[in-house]
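Reading the structure
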Amino acid sequence: MKKKLALLAMAAVLGLSVTACGSDDAKDDSADKGAADSGDAAGDSASGEVANKDKPLVWFNRQPSNSTTGELDMTALNFNENTYYVGFDATQGGDAQGEMVKDYIEANIDKIDRNGDGVIGYVLAIGDIGHNDSIARTRGVRNALGTAVEKDGKTNSDPIGTNTDGSASAVQDATLEIGGKTYTIRELASQEMKNSAGATWDAATAGNAIGTWASSFGDQIDVVVSNNDGMGMSMFNAWSKDNEVPTFGYDANSDAVAAIAEGYGGTISQHADVQAYLTLRILRNALDGVDINTGISTADEAGNVLSEDVYTYNEEQRSYYAMNVPVTAENYESFMDSTEIYADVANQLDESTSPSKKVWLDIYNAADNFLSSTYQPLLQKYDDLLNLEVEYIGGDGQTESNITNRLGNPGQYDAFAINMVKTDNAASYTSLLSQ
């Protein structure tokens, strides 16, 4: 219940251009279209009665897709009749982040221009240049602030390095009129936060970057924007907080939400509580042989059901997308516990009709703040409610083999939930399940 008021407030910006991690051609199909195919895994167990290639599979957080073009990997999404993706509406979320930053600038223009030069300068921490979530957030910020330029018919999401004089080709200076005065909006710097070992979305790299940027730009930096809260909080703690520069992230991690009281500008909740539920609920339904939308668009016997304003289903993409909500000084107290399960789906299933099953699930990077501190704790609460015995595998965030090497005996599991290191690498997993 805690998030519904915020969702209503967001009704005007929910353009529902469902792309979540990918396709700009995604269609906003209603949830009740569903995926009627429920499979026939009910009653089967990991004893070998079902071939690995036919067992339920959910891709989550990283949608199988081409990391360069964003084109969805429909082979992976159609691996078998019980294969789906769970994520969130990346384009809507990126747009929401951009509008949140713009709204903050307009509301605080009297104090945000730190050196009074009429130029509102921002720096941008990019998570992974080949990840569609990162691309959508970078585009959303640039589109909202007017600094976007087109590349191949879409907003350019490339990092620019430094741009002190506004001459970078990947972005442009924009103007914003507030209170009768015209201000210039400039992206002073942006870079991919990738460490020397190859891990992306790297918080330590972001913390170092803000130190370098501050040395170069000083009081020209009026706003800090990050593709996620892990990097955002690293920059906030390293520099922004002491210099009272608003910092905006994404994910609504508990530490970032709490930091709003200390000057963190805001973040975006991607409804991790809904995503985690969907990740395991889809597997549960496929294993039980019931309609895939049981407990999702239609209530189950325990009363679990999701309302249409917290997720959408795209049948063509076989993908469920949670909606995004801005978290700001006005509503952050309702989001303080990021590991609180969604109240509408918090009822225990009857083990006599939904018997215990074994699930193999990996987190691409055990050190990722959002996945390890928010998503996995939510999964661990839902697995009990759904009578699923889940084995959690933590990757290193760098190599797929660090995870796939621990899927040596898929026959001992009834279902799989996979969070890849790179969106291109679905075949690394499906090849193991096809043997």
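Residues numbered from 1 in each chain as written. Predicted model: local features only at pLDDT ≥ 70, side-chain atom pairs only at ≥ 80, totals over all residues. Heavy atoms only, no water.

Going by what an unreviewed UniProt entry lists, the protein chain is known as Substrate-binding domain-containing protein and is assigned to Candidatus Egerieimonas intestinavium. Under Subcellular location (unreviewed entry), UniProt gives the following word-for-word description of the protein chain: "Cell envelope". (UniProt positions renumbered as here; feature names shortened; annotations may be inferred.)

**Thoughts on the side chain of Glu 187**
Relative to the elements of secondary structure, Glu 187 occurs in strand β8 (residues 181-192). Assessed through its relative accessible area of 1%, Glu 187 is described here as buried. A distance of 2.8 Å separates a polar atom in the side chain of Glu 187 from a polar atom in the side chain of Arg 142. Here Ser 190 takes part through its side chain, which lies 2.8 Å from a polar atom of the side chain of Glu 187. With sequence-adjacent residues up to four places away left out, Glu 187 is seen in contact with Tyr 122, Leu 124, Arg 142, Thr 147, Ile 160, Asn 163 and Val 171. (Helix = DSSP H or I, 4+ residues; strand = E, 2+ residues; numbered from the N terminus. Buried < 20%, exposed > 50% of the residue type's maximum accessible area, 1.4 Å probe, protein only. Polar contact = N/O pair within 3.5 Å; in protein donor to acceptor, adjacent residues only side chain to side chain. Contact = heavy atoms within 4.5 Å.)

**Section: the pattern of salt bridges**
Close approach of charged atoms lets side chains of opposite charge pair. What the rule picks out here adds up to 8 salt bridges. Between Lys 151 and Asp 158 there is a salt bridge whose closest N-O contact spans 2.8 Å. Using a relative accessible area of 39% as the deciding quantity, one classes Lys 151 as partly exposed. Residue Asp 158 is classed as partly exposed on the basis of its relative accessible area of 30%. (Salt bridge = Lys/Arg side-chain N within 4 Å of Asp/Glu carboxyl O.)

**Observations regarding the packing of helix α3 (residues 90-107) against helix α5 (residues 132-145)**
Contact geometry for α3 and α5: axes closest at 7 Å, N-to-C directions at 35°. In the packing of α3 onto α5, the handedness of the crossing is right-handed. Contact with α3, carried on its side by Ala 90, Thr 91, Gly 94, Asp 95, Gln 97, Gly 98, Glu 99, Val 101, Lys 102 and Ile 105, involves Asp 133, Ala 136, Arg 137, Gly 140, Val 141, Ala 144 and Leu 145 of α5 and no other residues of that element. Across the contact of α3 with α5, the residue classes tally to 7 nonpolar, 5 polar and 5 charged. (Axes fitted to C-alpha atoms, helices over the stretch in contact; angles between N-to-C directions. Left-handed = near helix turned anticlockwise from the far one by under 90°. Nonpolar A, V, L, I, M, F, W, Y, C, P; charged D, E, K, R; others polar.)

**Focus: α3**
An ideal rise of 1.5 Å per residue puts 26 Å on 18 residues; α3 measures up with 26 Å between its terminal C-alpha atoms. Looking at α3, one finds that the buried residues are Ala 90, Thr 91, Gln 92, Gly 93, Gly 94, Ala 96, Gln 97, Gly 98, Met 100, Val 101 and Ile 105. N-cap assignment for α3: the residue whose side-chain oxygen lies 3.4 Å from the backbone N of Thr 91 is Asp 89. (Expected span 1.5 Å × (residues − 1).)

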